[in-house]
Amino acid sequence: MLFFWERATNWETAMYRPSVTSSLFGMNRRQLLKAGGAAVLTTPFVSRAWAATTEINMLAWYGHGEADVVAEYEAANNVKFVPKYYAGGDNMLALIAQSPPGTYDLILSDAEFVQQLNAAGYIEEMNPADYPLDDMLHEDFTEFPGHWADGKMYSMMLRGGHLGVSYNKNSVTEEEAQSYACFWKPELEGKVGHFDWHLPTLGMMSLYDGNGAGLWDLNDDQWAKVQETTMSLRPQVGGFFDYGGTFNGLKNGEMQAMCGIGDWITGVLEKDGAPVASVIPKEGGIQFTESYSIGKGSEKAEEAKKFIQYMMSPEGQVKSAQMAAYPGFCVTKAGRAALIEADMAEAQRSHQIDGDPQDPITLIKEGRIHYRDIPQQQSLEDWNDFWSEYKSA
């Protein structure tokens, strides 16, 4: 599989988006924290000829260190992000394990891997008072699973997104997309693609098998059934793709449906006019959750904390939601309000509107969304070994 290891160029033309700023006068401490990142950005940076730019090493999924997200912050704070990109939590853990302590100042992780980062001693404890936890859109987000240990906080939830059925509207009807069964549609033989990571697809197959909220907690018989179901899809599959391949496969029509993804891919294409969409089917969907941690032994922990605070501010949440590489959901109330003010079209497209029946928070409350996790009764190696077997079948 190919990965974006270094900063990419010319991926998509960055679009200008309105900035969101708030007056800081008359705010209490918590209100200040909600806008604190914006304060960091909007406070003029007084340049001095002798002030060297501080480099912040970031480990993240592709896009988080790109100009549309970080350029304004870099200019205002005399810092430069040096991103190293990975795809899949297994690869993230491997990269950290192969690097000396303190290599990464800022680690963007899938939530289900935070507990492993903590257990391995890769991340620093964080002070909850530094972040707007009382402004989160859902109570689960305040102490998100795996982010805390023994009453101590180790990661700050940044954004989320939902995974379900992603399809070309010319080949799959909206009604057919209401079930994962559409991937077995005879007309799609050779035209179903996979994002090449085992967790999303095997989670979806588990939901299709009827495991519901227990989709990650499979006994031997359930795990055997998931493998059988997945193998039955193999004749339909036309390829296994990294981020760029997934994007292009749907864009050029080579793939008419994609398993293991959601609006984080189709949303970019949809905004460009492609006839694609993602829906949460009747069997349920999966939420990916991305969170920031501070690397253990970082000499720039204070700078990393300031950037996390900025990304949790209304302005930072808007930049995250609009990220050119792939969109995501705001996780704070102030962030959602700022998105609606700055970009109503995107708020409506992604259903981030109170009262919308597809509002991501509503779907969580209805039990239709399950947070992505790691296998509970098997190891990650077990799932990865089966994935390798499946790909070579």
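Right above here is the structure, for reference.
In short, a report on the structure. (Residues numbered from 1 in each chain as written. Predicted model: local features only at pLDDT ≥ 70, side-chain atom pairs only at ≥ 80, totals over all residues. Heavy atoms only, no water.)

## Re the nonpolar core
Threshold: Working definition of a nonpolar core: buried Ala, Val, Leu, Ile, Met, Phe, Trp, Tyr and Cys residues. They are joined through side-chain atoms within 4.5 Å. Note on classification: 1.4 Å probe, protein chains only; a residue is buried when its accessible area is under 20% of the maximum for its type, exposed when over 50%, partly exposed between these limits. In DSSP terms, a helix is any run of H or I states spanning at least four residues, a strand is any run of E spanning at least two, and both are numbered starting from the N terminus. Any two residues whose heavy atoms approach within 4.5 Å at even a single point are treated as in contact.
Judged by nonpolar contacts, the single largest core of 106 residues is most densely connected at Phe-141 and Phe-307. Element by element, the count of residues in this core is highest for helix α10 (residues 301-312), at 6 residues. Once residues within four sequence positions are removed from consideration, Phe-307 is found in contact with Met-58, Val-70, Tyr-73, Phe-81, Leu-106 and Tyr-292. Core analysis: the next-biggest nonpolar cluster, separate from the first, contains 7 residues, Val-318, Ala-321, Ala-338 and Ala-347 among them.

## Notes on unusual backbone geometry
Despite not being glycine, Asn-78 shows a phi value in the positive range, around 55 degrees. Structurally, Asn-78 is set in the loop between α2 (67-77) and β2 (79-86). With a relative accessible area of 17%, Asn-78 lands in the buried category. Positioned with a positive phi, His-351 is a non-glycine residue whose angle comes to about 65 degrees. Its place among the elements puts His-351 in the loop between α13 (344-349) and α14 (360-365). Looking at His-351, the relative accessible area reads 31%, which means it is partly exposed.

## Quick look at the sheet that holds strand β7 (residues 165-168)
Worth spelling out the cut-off: Whether two strands pair comes down to DSSP finding at least two bridges between them. Throughout, an axis means a line fitted to C-alpha atoms (over the contacting stretch in the case of helices), and angles, computed between N-to-C directions, take values from 0 to 180 degrees.
The 5 strands are arranged β9-β8-β10-β7-β11 in an open sheet whose pairing can be described as mixed. Only two strands of the sheet have a single neighbouring strand rather than two, namely β9 (237-241) and β11 (276-279). Here the average twist between neighbouring strands, direction ignored, is 25 degrees. Bridge analysis of strand β8 (residues 192-195) against strand β10 (residues 257-259) gives 3 bridges, and the strand direction is parallel. The residue bridging His-194 from the neighbouring strand is Cys-259, located in β10.

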